[in-house]
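# Descriptive analysis of the structure
Letter by letter, the chains look like this.
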Amino acid sequence: MQLHADEIPLHSCLVQLHHNVPTTQSRIRPRMQFSVLSPSGNFRIHYDTLGINAVPTADRDGNGIPDFVDSAAYYMDAAFRFACDTLGYRIPPRDYVDSSSWDVYLVQLGRTPGFFFDDRDLGQFGWYGATYAEDLVPTPCGGVASTGFIFLDNDYSSADSIGTVTRRPTYTDTGVTALKITCYHEFHHLVQYGYAYGFSPTYYEMTSAWIEQRAFPSITNYTHYVQRLFANPTLYCLSCDRSIEGSYGYSIALRYLALQLGDSLIRSWWEGIGKCSQPPIALDSVISSRGGDFRSLWCSMLPWLYWTGSRAREGFFPDAAVLPELQPENGTDDQVYTEPSWTRTTSLYPLQFKMLRATLPSSDPRSTPDTADFLATNPAIQELASDARRSTDYSVRIVRSGSGEPLGTSPYRCTRTMDTACDVVIFRSGLATAVQQTPFPNPLVHSIHRELFLPVPAEARAGDRATVALLTSDGIEVFRTDAAIELNATGQRSIRLATTAPTFPTQGIFVVLIRSGQASVVTKLAVLP
């Protein structure tokens, strides 16, 4: 599945050449000018030095082979050692062109003209890499594995871009950094093909994206995939139409599972898939074989998904601070509690997670609203294999007083109806704020200062509206506007006004009247030219 370069760069494309009987071969391999074996002899790197697929010609070691080709050979060997020697995966079958090595082609994937994907409905897409399934191989359980070959970009240039609407760069990581993580990603597709071929690409991509992070924890490219998922988990569930696009982000779930039960869990999962077990069933089985319970393990992941970004804390993902934050499904206007109650319901497909947010006005006017986040998931992994489009409802009802579970120390109570789902509730009290006491700056120099911060009544809340009027010493009103009360840089409740409005006075001493509801405050302001 290909993704739009304007949305997210694609690290891999699993390309299925045919669905014929085993050993039927279908070749679309490019003819290239040169090839060289990797130091281990496991990979043959094909490349051009002229034309649209030409690699950078720099050859600093003077061995007659472009440095980029040397790097590709080195990192393909490293990817093999990491997957098969370090993590213990089965060595994948080699192809029938040369049974002693796997073929890797360095071609132009990042821009046109080149090997790019063009869909009349979706547009043009750039690739980091592509793994092509080729010759099907029967497996003992009656399934099929496959041989394959790999495409890598010929330079991972920062100048590459694809698209006619916006010419956004194709790659978030470039050069050797992009090359090495793509070598690991694409070789892992060959490994997966060696176990089983033909399942949903979703499972292949989430595993290869996990391998990237596992091999290079300091490279944060995969966080772009997580960002896409966390921004809209409604759109990218594992059984949704766009599941392949979201599958890269779901690598964070494999990362969580591996942190709980070890890296070998993911290998054992693929060994189960290789025995003709559906991927969800295989994952459930391997966790059970280790004494675990998938439901409890998956439900326990919810706090890990929440405590990221600015919310990061100890005890969860080691790099939680650089991970994006999961966004609520309901928009800002839909979060505000209004009497007599607040009720929201969402649907969850198998293994999908979502968050609902409620903002609860504080009884203390000096505080910002309290926040209640309800993070829920449907852990029905067996249904992902048998009835993936069957959803379960999750509902939350909040009242200011009455029955229900208390939300922190607030007067609010909630009732959750979750059927087969599980959830976690995070309540955050509002921040106690002070009121700005005087205008700033004062005096205001009209030719220099573009903003004015004004005090507000003590009773006013952040988010309320206020009217601001400037009067002369004779009581004549010369300026009036409506403004929001917000928190300034020091956390004080105040009003921020733009002084560039044509009606804002340019000179004089003024009485300033600020009114919010029935409360008001009066101050003075000097304005200089």
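The present account deals with the structure reproduced in this document. Here the structure is a predicted model, which means the values were calculated and not measured.

Here we come to the overall build of the chain. The number of helices and strands found in the chain is 11 helices and 22 strands. Each principal axis of the C-alpha distribution contributes one length, and for the chain these read about 95 × 60 × 40 Å. Pairs at least 24 residues apart make up 65% of the contacts formed inside the chain by residues separated by at least 6 positions.

Turning next to the pattern of salt bridges. Under the counting rule described, the total for this entry stands at 21 salt bridges. When the shortest N-O distance is used, the salt bridge between Arg60 and Asp67 registers 3.4 Å. Residue class for Arg60 comes out exposed when judged on its relative accessible area of 74%. Accessibility expressed as a relative area gives 15% for Asp67, which makes it buried. Glu383 is the salt-bridge partner of Arg390, the closest N and O atoms lying 3.6 Å from each other.

On to helix 6 (residues 251-261). Each α-helix turn comprises 3.6 residues. Residues three or four places apart therefore point the same way. Here helix 6 lies mainly inside the structure; eight of its 11 residues are buried. Within the sequence span of helix 6, burial applies to Ser251, Ile252, Ala253, Leu254, Arg255, Tyr256, Leu257 and Ala258.

Moving on: the nonpolar core. Of all hydrophobic cores here, the largest spans 103 residues; its most connected members are Ile45, Met76, Leu106, Leu152, Phe187, Ile266 and Trp269. With 12 residues, the top contributor of residues to this core is helix 1 (residues 67-86).

For any pair of aromatic rings, the description consists of the separation of the ring centres together with the inter-plane angle of the planes. According to the stated counting rule, one finds 34 aromatic pairs in the structure shown. Consider the rings of Tyr156 and Tyr171, whose centres lie 5.2 Å apart with planes at 65 degrees: the pair is edge-to-face. In this pair, Tyr156 is assigned in the loop between strand 8 (144-153) and helix 2 (175-195) and Tyr171 in the loop between strand 8 and helix 2, connecting sequence segments 15 residues apart. Judged by its relative accessible area of 1%, Tyr156 is buried. Taking the relative accessible area as the measure of exposure, Tyr171 reaches 6% and is therefore buried. Connected via pairs of aromatic rings, a cluster forms that spans Tyr193, Tyr197, Tyr203, Tyr204, Trp269 and Trp270. Sitting over the ring of Trp102, Arg94 keeps its end group 4.1 Å from the ring centre. Over the aromatic face of Trp307 sits the side chain of Arg313, whose NZ or CZ is 3.5 Å from the ring centroid.

Conventions used here
- Residues numbered from 1 in each chain as written.
- Predicted model: local features only at pLDDT ≥ 70, side-chain atom pairs only at ≥ 80, totals over all residues.
- Heavy atoms only, no water.
- Helix = DSSP H or I, 4+ residues; strand = E, 2+ residues; numbered from the N terminus.
- Contact = heavy atoms within 4.5 Å.
- Salt bridge = Lys/Arg side-chain N within 4 Å of Asp/Glu carboxyl O.
- Buried < 20%, exposed > 50% of the residue type's maximum accessible area, 1.4 Å probe, protein only.
- Core = buried A, V, L, I, M, F, W, Y, C linked by side-chain atoms within 4.5 Å.
- Phe/Tyr/Trp six-rings, centres within 6.5 Å; stacked < 30°, edge-to-face > 60°.
- Lys NZ or Arg CZ within 6 Å of the ring centre and 35° of its normal.

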